[in-house]
Amino acid sequence: MQFGSVSLFVIADVVYGVNGEFVGCLRSLVRNMAGSKVAHAVLTGPSVVKEIVIATGLGLAAGTLWKMHHWNEQRKVRAFYDMLEKGQISVVVDE
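So, how was this worked out
- Residues numbered from 1 in each chain as written.
- Predicted model: local features only at pLDDT ≥ 70, side-chain atom pairs only at ≥ 80, totals over all residues.
- Heavy atoms only, no water.
- Helix = DSSP H or I, 4+ residues; strand = E, 2+ residues; numbered from the N terminus.
- Buried < 20%, exposed > 50% of the residue type's maximum accessible area, 1.4 Å probe, protein only.
- Contact = heavy atoms within 4.5 Å.
- Areas by Shrake-Rupley, 256 points an atom, 1.4 Å probe, with all protein chains shown as cover.
- pLDDT = per-residue confidence, 0-100.
- Patch = residues over 30% accessible without salt bridge, like charges linked within 9 Å, V, L, I, M, F, W, Y side chains within 5 Å.
- Salt bridge = Lys/Arg side-chain N within 4 Å of Asp/Glu carboxyl O.
- Expected span 1.5 Å × (residues − 1).
- Phe/Tyr/Trp six-rings, centres within 6.5 Å; stacked < 30°, edge-to-face > 60°.

1. Description of the overall build of the protein
- Per the secondary structure count, the protein includes two helices and five strands.
- Ordering the α and β elements of the protein from the N terminus gives β-β-β-β-β-α-α.
- Evaluated residue by residue, the protein yields a buried proportion of 6% over its 95 residues.
- Of all intrachain contacts in the protein linking residues separated by at least 6 positions in sequence, the fraction that spans at least 24 positions is 8%.
- Carbon and sulfur atoms form 64% of the exposed surface of the protein, whose accessible area is close to 8500 Å².

2. Topic: the confidence of the model for the protein
- When pLDDT is averaged along the protein, the result is 76, and 58% of the positions lie at 70 or above.
- When pLDDT is averaged over each helix and strand of the protein, the minimum, 46, is found for strand β3 (residues 9-11) and the maximum, 97, for helix α2 (residues 48-86).

3. Regarding a nonpolar patch on the surface
- On the surface, Val77, Phe80, Tyr81, Val91 and Val92 cluster together into a nonpolar patch covering about 500 Å² of accessible area.
- Inspection of the secondary structure assignment puts Val92 in the segment after α2.
- Residue classification places Val92 among the exposed positions, given a relative accessible area of 59%.

4. Overview of the pattern of salt bridges
- Counted under the stated rule, the structure contains one salt bridge.
- In this structure, the salt-bridge partner of Glu73 is Lys76, at a minimum N-O distance of 3.6 Å. On the criterion of helical spacing, the pair formed by Glu73 and Lys76 is a turn pair, its members being three residues apart in helix α2.
- Judged by relative accessible area, Glu73 falls into the partly exposed class, the value being 34%.

5. Regarding α2
- The end-to-end C-alpha separation of α2 is 56 Å, in line with the 57 Å expected for 39 residues at 1.5 Å each.
- Looking at the residues trailing α2, positive phi occurs at Gly87, about 85°.

6. Remarks on the packing of aromatic side chains
- Evaluated as defined, the whole model comprises one aromatic pair.
- Aromatic pair Phe80 and Tyr81: ring centres 5.3 Å apart, planes at 75°, arrangement edge-to-face.
- Residue classification places Phe80 among the partly exposed residues on the basis of a relative accessible area of 36%.

So this is what it looks like as structure tokens:
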């Protein structure tokens, strides 16, 4: 078995070099060699522009929901006072 310019001999999952010195386990050797070639995602710090855009979007969404709730409550109160003024309902308890 050859990795680059190094010749390795594998006997029962144990790797020996050309001179017979112990190199390591075949699984760990292959894992280490493959692991160094795999590109990993680099974690970066927070993006200020991205956070501002996300916060603005979330703020607008929450504000819209709150305003819709407020308009709905206003509509209910307005309907109550209209019905009270027309005499359709009363707040006085009938005896």
